[in-house]
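Below, each chain spelled out in residue letters.
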2 protein chains.
Amino acid sequence: MKRDLHIVDVTLRDGSHAVRHSFTEQQVRDVAKGLDQAGIEYFEVSHGDGLGGSSLQYGFSAVNELKLIEAASDVCSQAKAAVLLVPGIGTKDDLEDAVKAGAKMVRVATHVTEADVAKQHIELGRNLGLKTVGFLMMAHMAPPEKIVEQAKLFESYGAEIVYVTDSAGALLPHEVTERVSALKENLSCEIGFHAHNNLSLATANTMAAVEAGATYIDGSLRCLGAGSGNAQTEVLTAVFDRLGYKTGVDLYPIMDVANDVVAKLMPRPQEVTKASLIMGYSGVYSSFLLFAQEAAKKFNVDERDILVELGKMQAVGGQEDLITEVARELANQQLTV
Amino acid sequence: MKRDLHIVDVTLRDGSHAVRHSFTEQQVRDVAKGLDQAGIEYFEVSHGDGLGGSSLQYGFSAVNELKLIEAASDVCSQAKAAVLLVPGIGTKDDLEDAVKAGAKMVRVATHVTEADVAKQHIELGRNLGLKTVGFLMMAHMAPPEKIVEQAKLFESYGAEIVYVTDSAGALLPHEVTERVSALKENLSCEIGFHAHNNLSLATANTMAAVEAGATYIDGSLRCLGAGSGNAQTEVLTAVFDRLGYKTGVDLYPIMDVANDVVAKLMPRPQEVTKASLIMGYSGVYSSFLLFAQEAAKKFNVDERDILVELGKMQAVGGQEDLITEVARELANQQLTV
C-alpha cells in the first residue's frame, strides 16, 4: 500500500533499556509477529545501545542480539528488522553479522555534532543493500543550522533518511518544527523523528515533525523505551488515523500486541517520574543521573540542581567527571549565600 | 505574585476515580500541604463525580468529602480548596456545606450542550462569595459555535471562568485551538482547559489552549485521574517554565509531592491502555466501557467496534441501552458479510 507515513517500531531496541536487555527469543518472536500482522514495515531489534552494546559498560544482553534478529526475522511475512549502530560501540563486522541474521535496515547514530564519524558505516550499509538511515542524537543540543550541516554529511555518505533524535525528551514542539523544517528545506532525502516522552510531549512532538515534513516516525508499544519511553506506537496509529494519514498500520492488531504481549513483559509501566522529568527539563544524558544522585548525597545539594547546571553547560556523554565539580561548586555557593 | 497562568490541581478530585474514592484524611492533608507549599493557588477536592457523588451509582467514598475538604483546607497557608458540582448529582445544600467546610471555588459542570441546567448553581456560587467556574464537559462533542453559545449562558449566570473540558481525552490540539479561540473571541470572562491523556496529548492540548488564550489549566500529580489521567501537574510546571510563563508554582516542591506522596498512594501507574486509548479514539464516556465489554462477549463482536459506533452516534451518558442494540447490529452485519 501507499503510505503517507512510516511508523518504525523501536520496542525491541529502545525497550531493551527498560527491561535491562533481558529480551528472550520467545518474547522477540511474539512482539515481531504482532508488529508484522499489524502492518508495521520496519522494527528495530538489538541491544538498547545498538549492535555490540552488550558489555560491562552498557549492560550484558541475556540473549545474543544476532539470535534475536534471527528470531524476529523468522516470524515476519512482510515486516523487516532494523538495527541501530553507534560507531564506537558497534563495528562494521557487527553490521555484517546482523545482515546475515536478517537485518534489512541500519540506523547509524552519532551525537548531533559528530556525523562525520558515521561515514564508513553508512557507506557499508548502502553497500550491503540495506535501507540506510542517519540518526542525529541529542538534537536539542544543536540549533537548526548546525543540524542541517550535520545532516548534509549523512546525506553525502549515502543516508536515505536522516532522523532528528530527541534522545533526552527535551524538545518542545516548536523546537521540533524548527529542526525538521530546516532539514526539509535543505535536504533531498527523507526526514525522520524519534521522540522521548520525558516532558509528556512525545506524541505532540511527533505530530509537529510530521507537519514539518517528516515521513519516518518512531514509536514503541506501550511506550516501552529508555527514560519515560517513546511515542507510543498504538497511540501514533490512532492519532494519525484521526488526522487522516495512511500509515499502513491496523489499529486493533497494534493495540492487541501492545496489550496482550508487551504490557505483560514490562517490569513496570512507563511514567513521567521525578528522574525522567528532570532529564527532559535539563536536557542531559540519562547516564548522568546515577552519578548526580551520588554527588548530591556527598555534597548535600539537590541532584536536580546538578543536572540543570550540566544541561546549561551542554555536557555530553563521557564528561561524567564534571558532575563532581558541579556538585562541589553548588555546595560552595550554598555556604557563601 | 502576578501569574500569567493558573494551574489548578485536580488530583484530589479527578484522582478520586483512580483510587475508587478511597482517599483518607491523612492522604488529603499530605497532598494539599505539598500543593500549598509548591505555590498552587486552587486545588479540587471532592468525590470524583463531584459533591454528592458518593452513592451506589457512582461509588461510595471511604471518607465523607466534607471531612476531606476540611482536612485539606486546614493545612493550607495560601492554597484554596475547589469543589466540583454536577447539577443532578450534587445539590445546592451540598455546596453550602462545602463552603462551611472551607471551599473557596466551585466548578459547576454540565454536558457541553446543557449549560442551562447550571443557572441556579452558578448564581449560588457567586452569592456565597466563591470563585465560580462553568465546566463544559465532553467538549469534543460540540463544534466551536455551539460551545460559544453554551459558554455565554454560563457567563450570563455569573461564571468568572468557563472551561473547555475534554472529558474523554478525545480532542486533538487543533480542535482545542478552535474551541478556546472561539471562546476567547466571544466572551469577556477567563477561559480554562481540562485535559485527559487518552491520546497522549494532554500536555500538548493544554499548550494549545494556553496559546489560544486560556489562563486556567488543570493538572493532576503523576497524572492521577480518570481514564489515562490528566495533564501532569509537575510536567505542566516544567513545560510552562521552559516556555517562559509565570505559573507561581515551584518546580522542585511540586515534583516532590508527586514523587513522595502521590506516587506512593496510587494503586497502579497511569498508562494509555487499550481501554483508555479506544475511549479517546472513539470519544465515548468511560461509563460505556464495561457495558461494551459485556455486550461484546454476548454477541461475539469486538468491544472497540461497539465503542467506535457509539462515538459516531454521539451517544451520551444515560444511553447505555443503546450499547446492546449496537452490538446486536454489528453481530448481524458480521453474519451477512
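Just so it is clear, the model here is predicted, and its values are computed rather than measured. (Residues numbered from 1 in each chain as written. Chains lettered and ligands numbered in written order. Predicted model: local features only at pLDDT ≥ 70, side-chain atom pairs only at ≥ 80, totals over all residues. Heavy atoms only, no water.)

Caption draft 1: Representation of the relation of the copies chain A and chain B within the structure. Least-squares fitting of chain A to chain B yields an RMSD of 0.0 Å, with the transformation described by 0.0 Å of translation along the axis and a rotation of 180°. Accordingly, the operation relating the two chain copies is best matched by a two-fold axis. Taking C-alpha positions as reference, the residue of chain A nearest the rotation axis is A204 of chain A, located at 2.9 Å. A high fraction, 100%, of the interface residues of chain A reappear at the interface in chain B, so the copies pair face to face through one surface. (Least-squares fit on C-alpha atoms with pLDDT ≥ 70 in both. Contact = heavy atoms within 4.5 Å.)

Caption draft 2: The arrangement of the domain arrangement of chain A in detail. Residues and elements named next belong to chain A. We note that the domain assignment places domain 1 (6–265) and domain 2 (284–336) within chain A. Taking only C-alpha atoms, the centre of domain 1 and the centre of domain 2 are 30 Å apart. Each side of the interface is counted separately: domain 1 has four residues, and domain 2 has five residues. The junction of domain 1 with domain 2 conceals about 420 Å² of combined surface from both sides, 61% of it contributed by carbon and sulfur atoms. If you sort the residues of domain 1 by the area they bury against domain 2, H111, M138 and M141 come out on top, with a joint share of 82%. Counting across the interface, domain 1 meets domain 2 through zero salt bridges. Between domain 1 and domain 2 we count one residue pair in polar contact (both at pLDDT 80 or more) in total. By residue class, the composition of the side of domain 1 that touches domain 2 is three nonpolar, one polar and no charged. (Domains from an automatic or database assignment. Buried area = accessible area lost by both parts, 1.4 Å probe. Salt bridge = Lys/Arg side-chain N within 4 Å of Asp/Glu carboxyl O. Polar contact = N/O pair within 3.5 Å; in protein donor to acceptor, adjacent residues only side chain to side chain. Nonpolar A, V, L, I, M, F, W, Y, C, P; charged D, E, K, R; others polar.)

Caption draft 3: Here's a closer look at the packing of aromatic side chains. Residues and elements named next belong to chain A. Scanning the entire structure with this criterion turns up six aromatic pairs over all chains. Relative to Y245, the ring of F240 has its centre 5.4 Å away and its plane inclined at 85°; by these criteria the two rings are edge-to-face. For Y245, a relative accessible area of 28% gives the class partly exposed. Just above the ring of Y42 sits the side chain of K80; from NZ or CZ to the centre is 5.2 Å. (Phe/Tyr/Trp six-rings, centres within 6.5 Å; stacked < 30°, edge-to-face > 60°. Buried < 20%, exposed > 50% of the residue type's maximum accessible area, 1.4 Å probe, protein only. Lys NZ or Arg CZ within 6 Å of the ring centre and 35° of its normal.)

Caption draft 4: Highlighting the environment of V83 of chain A. Note on placement: V83 of chain A falls in strand β3 (residues 80–85). It is 24 Å that separates the C-alpha atoms of V83 of chain A and M141 of chain A, two residues lying 58 residues apart in sequence. (Helix = DSSP H or I, 4+ residues; strand = E, 2+ residues; numbered from the N terminus.)

Caption draft 5: Broad picture of the UniProt feature "binding site: Mn(2+)" (unreviewed entry) in chain A. Residue and element names in this part refer to chain A. The UniProt entry lists D14, H194 and H196 under the feature "binding site: Mn(2+)" (unreviewed entry), expressed in the numbering used here. In sequence the annotated residues extend across 183 residues, while in space they remain close, none of their C-alpha pairs exceeding 10.6 Å. Assignment of secondary structure puts D14 in helix α1 (residues 14–18). Exposure remark for D14: the relative accessible area of 2% places this residue in the buried category. Non-local contacts of D14, meaning those with residues more than four positions away in its chain, are made with H194, H196, L224, G225, A226 and N230. (UniProt positions renumbered as here; feature names shortened; annotations may be inferred.)

Caption draft 6: Spatial organisation of helix α13 (residues 303–312) of chain A. Within α13 of chain A, seven of the ten residues are buried, which leaves it mostly tucked inside the rest of the structure. Turning to α13 of chain A, its buried residues number three or more, namely E303, R304, I306, L307, V308, L310 and G311 of chain A. Against α11 (274–282), α12 (288–299) and α14 (321–336) of chain A together with α10 (251–265) of chain B lie the buried residues of α13 of chain A. The N-capping residue of α13 of chain A, defined by a side-chain oxygen 2.8 Å from the backbone nitrogen of R304 of chain A, is D302 of chain A. Of the residues trailing α13 of chain A, Q314 of chain A is marked for its positive phi of about 55°.

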